[in-house]
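# Fold and contact review
Here's the letter readout for the chains.
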Amino acid sequence: MRWCHGSLLHLLCCLRLRVCARRRRPGPPARLRDLWAYMRLVVRSLQYNSLTNSDVVFDSVFEPVFWTVDRITRWFGMVFVCLVVILTSSILVICYTILLPMVIRTYPTAWVAWHLVYGHWNLVMIVFHYYKATKTAPGYPPIVKNDIPFVSVCKKCIIPKPARTHHCGICNRCILKMDHHCPWLNNCVGHLNQRYFFCFCLSMALGCMYCSISGRNLFLDAYNTLETNYQTPSPPYTFRDRMVHKSIIYMWVLTSTVAVALGGLTIWHAVLISRGETSIERHTNFKETKRLAKRGKVYKNPFNYGKINNWKVFFGVQKKSHWLTRVLLPSGHTPPGDGLTWDIFPFKRDTIPV
Ligand SMILES: [Zn+2]
Ligand SMILES: [Zn+2]
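Here we summarise the structure given alongside this text. Residue numbering note: each chain is counted from 1, following its sequence as written. Here every chain gets a letter starting at A, and every ligand a number starting at 1, in the order they are written. Given that the model is predicted, a residue must reach a pLDDT of at least 70 before its local features are reported, and side-chain atom pairs must reach 80 or more before they are shown or counted; all residues, however, enter totals for whole chains, interfaces and linings.

Helix and strand counts for the chain stand at 11 helices and 6 strands. Here a residue counts as buried when 20 or more other C-beta atoms sit within 10 Å of its C-beta, as exposed when there are 12 or fewer, and as partly exposed otherwise, the C-beta atoms being derived from the backbone. Relative to its full complement of 354 residues, the chain shows a buried share of 21%. Remark: residues whose backbone-derived C-beta atoms lie within 7 Å of one another are considered to be in contact. Within the chain, counting contacts between residues at least 6 apart in sequence, those at least 24 apart form 65% of the total. Numbering of helices and strands runs from the N terminus, with a helix taken as a DSSP run of H or I at least four residues long and a strand as a DSSP run of E at least two residues long.

This is how it looks when you write it as structure tokens:
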């Protein structure tokens with residue numbers, strides 16, 4: 001009986017402890033325990049993965065930062081596109097209402113004809129290439145089983161990656177011949193739309209330079225007028241005059257700033273195209289050159305076909321008339337090749353006899 005009494009107490013104590021433990025379980029400590037177990041699992045998965053290297057660890061540690069930046073860039077994409085359209089439209093309104101009437105009033109006929117022809121050619125090039133760059137998909141590798149040669153496997157899409165293909169975190173998929181993700185286009189720049197992107201940058205930079213140079217005297221007049229206007233006690237100018245002066249100053253400052261910034265970017269991309277590199281390959285080729293130099297070897301970019309040939313491949317020039325129809329005029333032709341396989345330098349045969 002004594003034994004029974006003692007064992008019963010023991011049993012009750014055990015049950016009480018269990019009830020207490022059960023009561024404690026569904027609180028914050030349980031969530032913390034789960035979080036702790038998850039973090040341990042993450043750390044272990046990093047340690048036991050045979051493919052782990054410093055890049056994988058770096059990517060995993062900074063994954064939340066990349067995720068946040070990608071989300072913000074994706075969300076701001078449309079805002080940037082609207083900004084480009086609104087700013088360009090505002091400059092166009094000023095050009096048509098102030099700059100063009102002034103040119104027609106004061107310049108000789110030949111100069112008026114030149115401004116009309118050049119200005120409108122430049123405008124068509126900007127609008128066409130911007131529209132095509134934003135609307136054309138950059139090109140994606142196939143996600144079904146295929147026999148296309150590949151160089152690695154994308155860790156995020158879990159599909160084979162052909163040469164020059166890279167994963168874009170913002171688009172969340174692999175891009176053929178990826179150059180970069182452009183927030184101003186809200187699109188990736190890749191195999192199928194890189195020419196549109198470059199031609200847009202070039203024509204926009206030229207357009208801004210054109211407005212900045214053409215409107216220089218008007219800007220100086222407007223600036224001096226506003227300066228003297230603030231100093232004199234009774235302003236001799238009407239509200240309309242003041243708005244015109246401010247619009248000219250706004251146009252000149254905006255176009256000059258964009259001309260310098262975008263001009264620099266365009267020159268940089270022109271250098272990369274001359275070398276047969278994308279922006280991403282610039283970094284990888286630089287690393288590879290340094291790595292091989294330490295071993296006393298010289299790295300050769302396999303996609304560099306020579307300066308002139310690189311430009312011909314880039315613009316899709318296959319005969320002489322293409323320099324006019326495909327380079328100087330808007331053209332919707334697709335680039336040579338499928339973006340999945342690439343000719344390696346040197347060519348076995350001259351594919352571009354121009
Ligand atoms: Zn991918
Ligand atoms: Zn992208």
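Turning next to the nonpolar core. By definition, a nonpolar core groups buried Ala, Val, Leu, Ile, Met, Phe, Trp, Tyr and Cys residues that connect through C-beta atoms lying within 7 Å of each other. Residues F197, F200, C201, M204, A205, C208 and L262 are the most contacted members of the largest nonpolar core, which totals 38 residues. Taken together, the elements giving at least two residues each to this core come down to α4 (63-106), α5 (109-135), β4 (173-175), β6 (187-189), α6 (194-214), α7 (216-231) and α8 (239-275). Broken down by element, the residue count for this core peaks at 11 residues, all from α6. In contact with F197, other than residues within four places in its own chain, are A133, C182, L185 and V189.

Another aspect to go through is the packing of α5 against α6. To obtain each axis, a line is fitted to C-alpha atoms, and for helices this fit is confined to the stretch in contact; angles are then taken between N-to-C directions over 0 to 180 degrees. Running from N to C, α5 and α6 point in directions that differ by 145 degrees, and their axes come no closer than 8 Å. The chirality of how α5 crosses α6 is left-handed. Residues Y118, N122, M125, I126, H129, Y130, K132 and A133 of α5 pack against Y196, F197, C199, F200, S203, M204, L206, G207 and Y210 of α6. Residues are grouped as follows: nonpolar covers Ala, Val, Leu, Ile, Met, Phe, Trp, Tyr, Cys and Pro; charged covers Asp, Glu, Lys and Arg; every other residue, Gly included, is treated as polar. Class assignment of the residues belonging to the contact of α5 with α6 gives a composition of 12 nonpolar, 4 polar and 1 charged. In this scheme, a crossing is called left-handed if the near helix is turned counterclockwise away from the far one by less than a right angle; it is called right-handed if the turn is clockwise.

Let us look at the environment of H269. Summarising the element assignment, H269 is placed in helix α8. Through-space distance from the C-alpha of H269 to that of C201 is 9.4 Å; in sequence the pair is 68 residues apart. Discounting chain neighbours no more than four positions away, the residues touching H269 are F198 and C201.

With that settled, consider helix α10 (residues 307-315). Considered for burial, the residues of α10 that qualify are K312, V313 and F315. In this fold, the buried residues of α10 make contact with α6 and α11 (322-328).

When two helices pack together, their arrangement is given by the angle between the helix axes and by the axis-to-axis distance. Relative orientation of the contacting elements α4 and α8 amounts to 130 degrees, with a least axis distance of 10 Å. When the axes of α4 and α8 are compared, the pair comes out oblique. Of the two possible hands of crossing, α4 and α8 adopt the one that is left-handed. Every residue of α8 that contacts α4 at L87, I91, I94 and I98 is listed here: V244, S247, I248, M251, L254 and T255. Here the contact of α4 with α8 is composed, by residue class, of 8 nonpolar, 2 polar and no charged. By definition in this entry, angles of less than 35 degrees are roughly parallel, angles greater than 145 are roughly antiparallel, angles of 65 to 115 are roughly perpendicular, and the rest are oblique.

To estimate the expected span of a helix, count its residues, drop one, and scale the result by 1.5 Å. For α5, which comprises 27 residues, the first-to-last C-alpha distance of 39 Å matches the rise-based estimate of 39 Å (1.5 Å per residue) to within 8%. Taken together, the buried positions of α5 are occupied by G119, M125, I126, H129, Y130 and A133. Residues of α5 that are buried make contact with β6 and α6.

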